[in-house]
Amino acid sequence: MRMTMRWFGEGNDRIPLEHIKQIPGVEGVVWSLHDIPAGEEWPMVRISEVKEQADRHGLNIDVVESVNVHEDIKLGLPTRDKYIENYIKTIEKLAKVGVKVICYNFMPVFDWTRTDLFKEMEDGSTALFFENDKLKDIEPMELVNTISENSAYTMPGWEPERLADLADLFEKYKNVTEEDLWENLQYFLEKVIPVARENDIKMGIHPDDPPFSVFGLPRIITNKQNLERFLKLVDDPYNGLTLCSGSLGANPENDVADMVRAFSDRIHFAHIRNVKTYENGDFIETSHRTQDGSVDIYEIVKAYHEIGFTGYARPDHGRHIWGEECRPGYGLYDRGLGIMYLWGIWDSLKRQEKEVE
Ligand code: DNO
């Protein structure tokens with residue numbers, strides 16, 4: 001397991017690379033050029049800049065999260081080809097600086113969705129919260145506004161400027177079914193995966209978060225059966241997964257450890273975090289510790305250990321603790337604790353394995 005930490009870039013992330021480097025066992029940063037709109041080709045100078053910054057701190061930039069997919073590709077519009085062409089050019093450039101994995105998602109309109117970014121917990125920390133009923137009664141734009149009023153940050157993909165023409169986007173998705181989305185995803189993969197293979201970059205799709213439809217939009221990367229279907233769309237090792245335990249774990253029917261074992265050779269990137277689910281469908285993001293949430297993090301790490309996982313991993317959303325002011329879910333402290341929890345399990349499994357030998 002090669003540990004990494006997500007970093008939003010110089011000037012865009014309060015956490016300096018010096019601090020990331022001090023977390024035990026972290027080899028690299030998971031990065032992106034967040035200001036480049038989906039569908040545009042990434043400039044080589046900007047890519048090289050990040051490489052130099054990371055190099056100065058002895059961190060690798062092997063994993064990119066994300067190169068976002070333009071809505072026209074998800075919608076299957078005739079304009080998609082030019083955006084796919086740009087995607088391909090970006091892949092080729094990323095290969096030049098040694099990138100090994102690209103994480104992306106195929107969620108219509110929004111990326112991950114929560115109704116409260118700073119929900120107070122009993123111990124005074126705050127965490128990302130999803131309240132089912134709230135989503136039923138609120139218009140998407142209203143949620144965008146409430147969230148941006150209450151925080152200097154918003155969720156990725158929810159930037160008010162990006163969503164300015166939200167009504168238009170919703171109109172375009174009106175008749176798009178799940179089957180259409182599958183077809184459009186296949187079209188994208190058939191063009192992109194051969195290029196990824198030539199450039200030795202593994203593509204890892206991120207599950208939909210939460211793994212069910214929001215605001216009536218179709219969502220397909222949601223459970224084991226659909227992951228299986230996804231992998232067969234283009235049956236090539238370069239077409240793989242970013243297996244996110246928290247996204248999938250928001251549906252209590254998903255058994256993530258079982259998915260680790262089932263899809264072992266196609267998991268290129270592991271997102272490991274916990275989430276506590278409630279019967280009414282709400283969920284809150286807890287610490288990484290198994291006992292604190294509903295997802296068996298111990299069992300998941302054990303499954304990764306069993307399959308001899310040598311891919312990249314990162315802790316995922318943390319709570320906001322110790323008074324840290326940070327990007328929702330992406331503070332230093334709780335993610336740092338998360339990494340140490342993951343290492344704790346991993347190292348003890350390794351030690352036991354040696355004792356058995
Ligand atoms: C949430 C992240 C996602 C992920 C994208 C990948 O914190 O895991 O936003 O980066 O879905 O495209």
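Preceding this paragraph is the structure being described.
Within every chain, residues take consecutive numbers counted from 1 along the sequence as written. Under the rules for a predicted model, residues below a pLDDT of 70 receive no local features and side-chain atom pairs below 80 are neither given nor counted, while totals for whole chains, interfaces and linings still include all residues. The basis for the side-chain values is all heavy atoms of the structure; hydrogens and waters are excluded.

Caption draft 1: Region of the structure containing helix α2 (residues 44–56). Numbering of helices and strands runs from the N terminus; a helix is a DSSP stretch of H or I covering at least four residues, while a strand is a stretch of E covering at least two. To estimate the expected span of a helix, subtract one from its residue number and multiply by 1.5 Å. For α2, with 13 residues, the first-to-last C-alpha span of 18 Å sits near the 18 Å given by 1.5 Å per residue. Buried within α2 we find Ile47, Val50, Gln53 and Ala54. Viewed along the axis of α2, the buried residues span an arc of 125°, placing them on a single side of the element. Seen from the buried face of α2, the exposed residues on the opposite side, beyond 90 degrees, are Val45 and Arg56. Residues of α2 that are buried make contact with α1 (17–21), β2 (26–31), β3 (60–65) and α4 (80–96). Two residues or fewer after α2 comes Gly58, characterised by a positive phi angle close to 65°. In this scheme, a residue with accessible area under 20% of its type's maximum is buried, one over 50% is exposed, and one in between is partly exposed, where area comes from a 1.4 Å probe on protein chains only. This arc corresponds to the set of directions leading from the helix axis out to the C-beta atoms. Residue contacts follow a heavy-atom distance rule, with two residues in contact if any of their heavy atoms lie within 4.5 Å.

Caption draft 2: Quick look at the sheet that holds β3. Pairing is parallel around the closed barrel formed by eight strands, whose spatial order is β1-β2-β3-β4-β7-β8-β9-β12. In this sheet, adjacent strand axes meet at a mean angle of 30° when their direction is disregarded. Here, any two strands with at least 2 DSSP bridges between them count as paired. When strand β1 (residues 2–6) meets β2, the two strands line up parallel, connected through four bridges. For Met5, the partnering residue across the bridge sits in β2 and is Val29. Here helix α9 (residues 224–233) sits on the sheet in contact with β4 (101–105), β7 (202–206) and β8 (239–244), set at roughly 155° to β8. In this analysis an axis means a line fitted to C-alpha atoms, helices contributing only their contacting stretch, and an angle means the value between N-to-C directions, from 0 to 180 degrees.

Caption draft 3: Quick peek at a nonpolar patch on the surface. Note that patches include only residues with greater than 30% relative accessible area and no salt bridge, and the join distances are 9 Å for like charges and 5 Å for nonpolar side chains (Val, Leu, Ile, Met, Phe, Trp, Tyr). With residues, only the protein chains shown are counted as cover, and all accessible areas are computed by Shrake-Rupley using a 1.4 Å probe. Salt bridges are counted wherever a side-chain nitrogen of Lys or Arg sits within 4 Å of a carboxyl oxygen of Asp or Glu. On the surface, Trp322, Tyr333 and Leu337 cluster together into a nonpolar patch covering about 340 Å² of accessible area. When you line up the elements, Trp322 lands in the loop between β12 (312–315) and α13 (333–356).

Caption draft 4: Inspection of the pattern of salt bridges at higher detail. Under the defined criterion, the tally for this structure stands at 28 salt bridges. Here Lys93 and Glu41 are joined by a salt bridge, their closest N and O atoms 2.7 Å apart. One end of the pair, Lys93, is in helix α4; the other, Glu41, is in the loop between β2 and α2, and 52 residues separate them in sequence. Look at Lys93 and you get buried, because its relative accessible area is 14%. One salt-bridge network, in which partners are shared between bridges, spans Arg6, Glu65, Arg114, Asp209, Arg273, Glu285, Arg314 and Asp316.

Caption draft 5: Up close: the site of the ligand. Any residue with at least one heavy atom within 4 Å of a molecule or strand is counted as near it. Taken together, 14 residues are adjacent to the ligand, and Glu65, Ser66, Asn105, His317 and Tyr330 come closest. The term polar contact refers here to a pair of N or O atoms within 3.5 Å; inside protein, the definition further demands a hydrogen-donor-capable atom paired with an acceptor-capable atom, and it admits residues adjacent in sequence only when both atoms are side-chain atoms. The separation between an oxygen atom of the ligand and a polar side-chain atom of Arg6 is 3.4 Å. Between the ligand and Trp112 there is a distance of 3.2 Å, counted from an oxygen atom to a side-chain nitrogen or oxygen. Here the ligand, which alone exposes 330 Å², has 99% of that area covered by the protein. In terms of residues, the shell around the ligand owes the most to one element, β4, which gives three residues. Grouping the constituent residues of the shell around the ligand by class yields five nonpolar, five polar and four charged. Ten residues, namely Ala, Val, Leu, Ile, Met, Phe, Trp, Tyr, Cys and Pro, are considered nonpolar, four, namely Asp, Glu, Lys and Arg, are considered charged, and the remaining ones, Gly among them, are considered polar.

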